[in-house]
Structures are given as structure tokens and as C-alpha cells.
Amino acid sequence: MTELKVECNNSCGGPQLTPEEERVLIRDIAITSENNSQEGDSFYLITQRWWQHWIDYVNQEQTNVTNDGSSMLENCDSSSRRPASIDNSDLIHDTNSEESNVGIEIHDTLSEGRDYVLLPQEVWNQLYSWYGGGPALARKVISSGLSQTEYAVEVYPLRLRLFVMPKGDRCIVRISKKETIGELHKRACELFDLNLEQVCIWDYYGQRKHALMNDMDRTLDDANLQMDQDILVEVHNNANGTALSRFIRSAQGNGSTVKEASSFLLEPSKSSLSIAGGLSASKGASRGGGTELSQSLNLTSQGRELDNTYGISTVTTRGSSGGLIGLQNLGNTCFMNSAIQCLVHTSEFAKYFQEDYHQEINWQNPLGMVVSLIIDKQYKLYLFSSTNGFETLEILSEKVIGSLVPLELAGLQGELALAFGELLRRLWAPGRTAIAPRQFKMKLARFAPQFSGYNQHDSQELLAFLLDGLHEDLNRVKHKPYKKSKDADGRPDEEVADEYWANHIARNDSIIVDVCQGQYKSTLVCPECHKISVTFDPFMYLSLPLQSTTTRSMTVTIFTCDGSTLPFACTVTVPKQGRCRDLINALSSACSLKNNEDLKLAEVRNHLFERFLEDPLISLSAIRDDDHLVAYKIPKSLKKTLLMRLIHRCQEQEMGATQAAQNWKPFGTPLVSLISCDEVITRGDIQTVVHTMLSPLLRSESLRQADTPEPCLSLTASEKCCESSSGEACINKDSNAVKLFKLPLQLVEESNACIDISVGEDKAIKLSSTSTSILVYVDWSQELLEKYDTRYLENLPEVFKYGPVNKKSRTEPLSLYTCLEAFLREEPLVPEDMWYCPKCKERRQASKKLDLWRLPEVLVIHLKRFSYSRSMKHKLETFVNFPIHDFDLTKYIANKNNTQRQIYELYALTNHYGGMGSGHYTAHIKLLDENRWYNFDDTHISPINEEDVKSAAAYVLFYRRVKTSDAISNGGKSGSGHNNGSSMK
């Protein structure tokens, strides 16, 4: 329980430091630790929620903080309260793996800065000594990048599935990708109680043999093992084990030939190779050293052209022309297959990659598209994309940007473009045999580990990575000049836009820019000084919100402190970018709040108050969909009052449990009420108020227990926390009382000690003159639970619960034009993205307006179907009515000098069916030569009618500019090509 942990934590480490002393000590330790970080050091994950609480605590204004905790008690639910024990339960799976060797497993989708922060070991040790808690989640520092000179914390070590043959045992193991194959052998032998001489290990990607892992000094990273990959552990008897050892030693003696030899010998087949057959082939190849081995090398070389090493399916696809070759699903890779097919069937890319594009590959590009780490002088980290710069981050002041120091970067050096080009050529080659894009996926995972393994991913995220990566690999600018765009300062938009575009093209010039990049105008207005800032930024695609995302439904549970009604859930609609005052106003109307009442809004977590949302300007974006909110109806107070917080506790069901306080744990929903401070408050007064708060939950049969012999107090039907005629909070003390039983209440004093107030009804409560709240526990015994219906305190609903889509959202079409207008609508920036006003010299919540300025040849539109809630994604099934022909964007172009029509036609789209994790991606593509639509579903390709193209599953749309006499390219000359980009107006 949070409140009691404070007392324990304060007393465990000697005298408590002030918040400022804690802040300075941690800062000094952190700076020293990070300056001396090296490979092999340990960092610890800590939940972002707890860390932010501690940051708020140590940065508060320190006034009258005493070691007895009195100041903390007064503001127990504000940022000034000292954090309770470290609680990393947010990061951990609810049910840990049954595999003991895996240990504590964290969620797969955690994000640094959103869900957790990484702390050096010394910082963790110090915080743990003060606060305790846990569990400890240690991760190692490893070298990364092509130069292996950068350091990174390996938050997610490789998770490998080991299969033992012929025994059939299996096991999951976590191991660093920087460990060697020899260490993997050792771990496998320890887990399955085997001898090293008995074992050989195979790369068993996709349940098929691919490579014998016999180079014991090679790292798992160099072996290109992926997350959740299968590893085959073959166990041999003594005779075969000896033969295997002889083969490995003999093959290693052949030096450079061993790699190629094993590639041929391990070629997958339709049926499983027997151990004896495999050994026989190995012995023959190693002994020959000439004929058989050279033949195997020749076969391997030829096989690479046909991708035999990776396996070609015999599944065929139908069609009468080129471009109808399917892609095998390697295991949840439909997201990749659908995106690839759309890019491959973009005619500009098909033509480009089937010609000689090698001369444009940026072989020595040191940047690649890999995002780099940037650190400023205050040790704050930023992400920097070589293509988009700081576009995805908050807008930084020139002073801050000038203090940034770039770290060493690792680039793609053309490898992604080569892999994609080779795959495209094979997809347009004669034949109908489906291709397994294993080699491309391995290359992709090499540079984007988030797409490794067999988990489902977002096809739009993959598409964004591919376009960005291909651009950097094919950037014709080998040495990027520094270009700084000037502020508009009243200059014509056309002049400023051309200057921004010219500066962009001077650094970014590729086939991707020629085809896919456009430009929009961004206008920011300071709400204080009304400074207007206009910039013109490039875009690769447009992410359009669906109409339902402009507002937000929020569910809050309403409680009354006067016991007048049962608690009830209230769902209201508020602006998605609104503030707490919008939520309170909506709730006030929905629950018919009286003029003499107020609503007190709070977030409840783990049956305790997480925070009170008292600031009306708090952004609603800070409230997650899976948070739990409660609003309490309280009377408006003119008198001096105390806020009483009531926490429910029940006894833990443990073997040998006693009645000791530490065996009571919080449950249900905490309650609040106001108590007048004008008179002395007695223990009986507290009992009266709590009885009033709980009275709606009292079972009817319990009211007939007035003659019970147990201790009781008098309570009238009207004796409760109520409003006087002036609307002031008070406690009535009338006659005609009903006898009620005493409640087992514990009052937490300012020293954090608990006092039993079920006895001594007339004894006064001691309060300091500065106290603003009191904390009371009610301990629910089994007997007490039978007297009240506590179901209303349990199962607190989430702010928003995702469920089946209602019929209305499925039947009412939403126009793509409406989505575009919502994207271009002026709206205030969210608080975390506030703008630095160069005139005010302050960060301001400016209003932002986007306008389209120039459009690309191929316009990619992403429909934002997925919304995020902590570590989960949720999907909107809204049907969007998008045009297939005559998508007219002319009126949305802000460049009024461009009088030409901007007409687009749909030629491809990706679809997503089902929910996240269990969903499936397909693509609809129109073959221009046939003027016919096809459905690409992994290996299966089938013709469809044009009217079947539209569905509620549409996710990413690909539009091509219509070549007409009155529709020009990007506002400039008609036609395409990389020179055309610079002439766009």
C-alpha cells in the first residue's frame, strides 16, 4: 500500500534527504556514470510513471519539509508527495513465462521515454537504497553500428526457440546478440544436459535448415539471428558425433571454402534430411576436396541466382501478363508483402529498378537513413533523421540546435536499395512462381531490428522506413551542403516556398524525391505576441485522421459524498485535444450538477489515488484510454474544510496470515468527502461521515440490526456530510438516531502512524494548523463485506474501452475529402509539442495550420486507423469513401499561382483485416497494361472487380497524377524525372 510504504522507506535509509539533496546527488552520479560508460556495463529499466513522479518531487519548491513527513501528508496526492516504492509492474507481462531460464519478461512493445527510462547501475542502486521496490530489470551495454564504436543498451536480448532432435524437447532462451555461437552451444548443452561433442546447432529460420552454426567465435549478431527465431539442436550418438567433429575440423581446414560448402550442404529440401544422410554427404564432400566439393560450390553459386538457398515455393499464381508473382508469407510477413507489392507496381519504380540504377547508389553514404542520437549540452537526447531532420521532434530554438553535437552514424551504404532492386526484378520476371523474400527480410531486419522476428507489424511503418531508406541509398547528392532557410519576414509565399524547396533538393535528390515527395505550408501563430512563423516542409506521405478521432469519448465514474445515490458510470464526448475543463463541463451537464456542487476529478490506479486533476488546463491527451477516472460530487465550501480520503483495504488470503497491518491490501475505489474544520473533529464525526459515504451500498437487511450488542453509534437518516442553506459543508448532529455498527477505521497521523478510531467516539482528532487533508483506511472483514454491496466499488471502468464497432460507423461513409480537411484544419499544438516563439523567447502552445503547396507524382495517403493506449494498439473500422478516379485536389493547393488542375487516380492500396496482432494485410493493385484490378494476398493473386476495391479495410492509398493537358507536374513542367523536382512551383 502506497501510504504505508512511505513510512518504511523513510526509516530504512537513515535520515531522509530533502528533494533538492536527492536531485543533486542523482545528477552527479548520473553524469559520472554516463561519462564512464563502456561495453558490458549494466543499465536498469524503471517505469516512466514512477520516474516522472520522482522528477516532479525533486524539482518542487522546498518549503517546510520536515523529517516527520508532515508536509508530505498535507499534499499527499500532488507532485510534492515523496514517491512510494519503485513499481516496475507496468513493464512486466502479467503472467511470466513458464520457462525458468527466461526469467522476468517485459512487454514486447515498450518504448523508451514513453514507458520506461534507462538508468546507470549506480543511479539505480542509489534510488533503490532510498525507495526499495522493483523488480530490478538489468540490461547490458553492447557495441553497435557498422564500426562497432557506438554503445547501446540491449533492452531486448534475442529470444530464441530451441528445438532438440530427435528427442523433441523444446525451450526458449534469452541471450545477447553479442554472445558467440560457442556460448549458445554451451547454453543449449546446459539446458538439455548434453555434451558438446554430441551437439550441432543449425539456423532453423522458418522451421527449415539454413546454416550450420559451427564458427564458435562468431557472434549471434554476425550470424544474423533474429528475434523469436527457431534454432535446431541436433543430438548425435557417439559414432555420428565423432564423424560430425571430423567433418567440421576438415571443413574448417579448407579455409574460405567452408562457408560455401555448408551453404550447399544445408540446402533445404521438401522432406527432412536424415542425420545419417547429412553426415554421409559431409564426409564425401570433405574427403574429396576437389570434384564433389567444387560441384557443390558451383551449385551454390547457381542457386543464389534462383534463391534456392532460401527456398522457392512450388505454389503458382494465376495471370496472363507480367507483374503477377506472389510473395510467400515467411511468418506474419503479410504486412511487408502488401507494402512491397504496392511499391513494385509503382510504374516509375518498376522502370527505374529494371534499368541500371547502380550508378546512383550512394556507396559511401555515411548517413544512410539510420536515425542518429543527438545530445545537447544539458545531456538531453534527441532523435535526428537524415531525411526529415527534426521534423518529428519538438521545434527547437536556434540556440539549442547550435549546441547539438552529432554522434557517429551508421549508414546503409546501398545495401537496402540493392536488395529491393533485386526483389523487384524477380517480381517482374517471366513466370508465375511465388518468391520467398527471405533475403530481403534479412537485410531489412539488419538495419531495422523492429521488423525482425515473426511478429505482426504496421505496413505503413514499414513503407515509411523503405521510402526513407531507399532515398538515402539512392541520393544523388554525395556531399550534402549546409543550407539554412531564412524566415519569411513578409516575403511572398511563392518566393519563400521555392527557396525552401531548392534548399531541400540541394541535399536530397533521388528517385524517391522525384516521385513521392511534395511540400506543404506550415503556419504557426503565437497566442501571446501573435508572431506568425511560416515554413515550407517536404512530405513523403499524408497521414489523415479519421473523423472519429477529432473527438474523444471518455468514461468517468461519478460518486457522491452525501450518500444520495449509488455510483454510476458517465460517458461524455470531448475534444480530443481539449483540456480538463472541457471534461468537467461535459460531466457537469451529464450528471445534472447543482449550482452549489463541485466536481473533484481524480485518477485512480491500483485502488489508490494516482493524482487529482485540479488544474483545468491539463491536456486531455495526458489521460490514457486505459486509465481509470473518478469524479466526486462535493458541496461548494465557504467554510474552512478538510479533504478526507478514504482508502478501502481487504485482508490478503495467505497461508498463516495474521491480523497485522501489512497483510491488508487496498481494493475497490477510494472515496473523498469534505469535513468542516470550524469545530473540533472527533473520531465519532469520522465514523459518521464514512457511514454516510457508504450508506448507498448498505444492504437492506443490515439496517435491521439496530439492536446488535456490538459497539454502535447514533446516526440519523439525515446525518451526513451535507449542504446547509448557504451551501456550506457541515456535519448534522440531530436526534431520532438509528443505531449502526462501528466501522473498523484507521486514521493515518502526520507521523504516518495508524490510529484505531473505532473506539473513543468523543476523542478529538489532532490536526496541525496547516493540514488540508486526512487519510483514513476502512478495513473490510468478511463479516463487513456481507453487510455492504461492494460491487459498485470494484471493476472501475477504463476511460475508453475498445469493443466491437457499432453498426453506425460501419454504414455511414466518411469521405476522403473530409479526412483531408480535418488534417488541414487549424488547431492548437499539444502541450508536449509546444513551439519556441522567437519573439517571446518562451515555449508557447501556438495554433498550427497546414496547407498543401506542391504535390508529388505519386501521392501516398495513410488512413490513421490505429490509436495507441500505453503498450497496445486499437483499430478504427470506419469506412472511408475514397475516389478511385478523379480525386481532385485543386482547391486544396495554397499556391494560387498554380491554376492547373490537380487530378489523381488510384492504382494501389493496402488493406488491413481484423484486429492488431491477429490481423492480415493484402493489397489491391491495378495493372495498367491490362486496365484490371487484382487482389494480392501473399502467394495468391486473383482478379477483382473495381467496385470491390473499396472497403472498410483500406489502410494506405496510392494515387498517381493524371497526365492531362491541364494537369502539370508539381506545379511546373509536365512529365517526371529528377530534374523536374527542382522546377516545381
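Please refer to the structure higher up on the page.
Just so we're clear, the structure is a prediction, and the values are computed from it rather than from any experiment.

Student: Got a sec to walk through the packing of aromatic side chains? Specific residues and values, please.
Tutor: Each pair of aromatic rings is reported with the distance of its centres and the angle of its planes. Across all of its chains, the model carries 26 aromatic pairs by this definition. Among the aromatic residues, those joined into a cluster by ring pairs are Tyr352, Phe353, Tyr357, Phe420 and Phe440. Sitting over the ring of phenylalanine 612, lysine 600 keeps its end group 5.1 Å from the ring centre.

Student: With reference to specific residues and values, describe the nonpolar core.
Tutor: Phe349, Phe353, Phe440 and Phe958 are the most contacted members of the largest nonpolar core, which totals 56 residues. When residues in this core are grouped by element, the largest group, eight residues, is from helix H11 (residues 334–344). In this view, phenylalanine 349 contacts Leu343, Leu424, Leu467, Ile511, Ile512, Val515 and Cys516; residues no more than four positions away in its chain are not counted. Judged by nonpolar contacts, the second largest core, of 46 residues, contains Tyr632, Leu674, Ile681 and Val778.

Student: I'd like a rundown of the sheet that holds strand S8 (residues 170–175), residues and numbers included.
Tutor: One open sheet holds the five strands; their spatial order is S8-S7-S11-S9-S10, and the pairing between them is mixed. Looking along the sheet, the strands with just one partner apiece sit at the ends: S8 and strand S10 (211–212). Bridge count for strand S7 (residues 158–165) against S8 is six bridges, and the pairing is antiparallel. Opposite leucine 160, over in S8, you have valine 173 as the bridge partner.

Student: If you had to explain unusual backbone geometry to someone new, which residues and values would you point to?
Tutor: Of the consecutive residues glycine 134 and proline 135, the connecting peptide bond is found in the cis state with omega at -5°. By the secondary structure assignment, proline 135 is in the loop between strand S4 (133–134) and strand S5 (138–144).

Student: Lay out the environment of isoleucine 29 with the relevant residues and their values.
Tutor: For isoleucine 29, the location among the structural elements is in helix H2 (residues 19–35). Take isoleucine 29: its relative accessible area is 19%, and that puts it in the buried class. Taking the C-alpha atoms as reference points, isoleucine 29 and glutamate 122, 93 residues apart in sequence, are found 6.8 Å from one another. Those residues in contact with isoleucine 29, other than ones at most four positions away along the chain, are Glu122, Val123 and Gln126.

Thresholds applied
Residues numbered from 1 in each chain as written. Predicted model: local features only at pLDDT ≥ 70, side-chain atom pairs only at ≥ 80, totals over all residues. Heavy atoms only, no water. Phe/Tyr/Trp six-rings, centres within 6.5 Å; stacked < 30°, edge-to-face > 60°. Lys NZ or Arg CZ within 6 Å of the ring centre and 35° of its normal. Core = buried A, V, L, I, M, F, W, Y, C linked by side-chain atoms within 4.5 Å. Buried < 20%, exposed > 50% of the residue type's maximum accessible area, 1.4 Å probe, protein only. Helix = DSSP H or I, 4+ residues; strand = E, 2+ residues; numbered from the N terminus. Contact = heavy atoms within 4.5 Å. Pairing = 2+ DSSP bridges.

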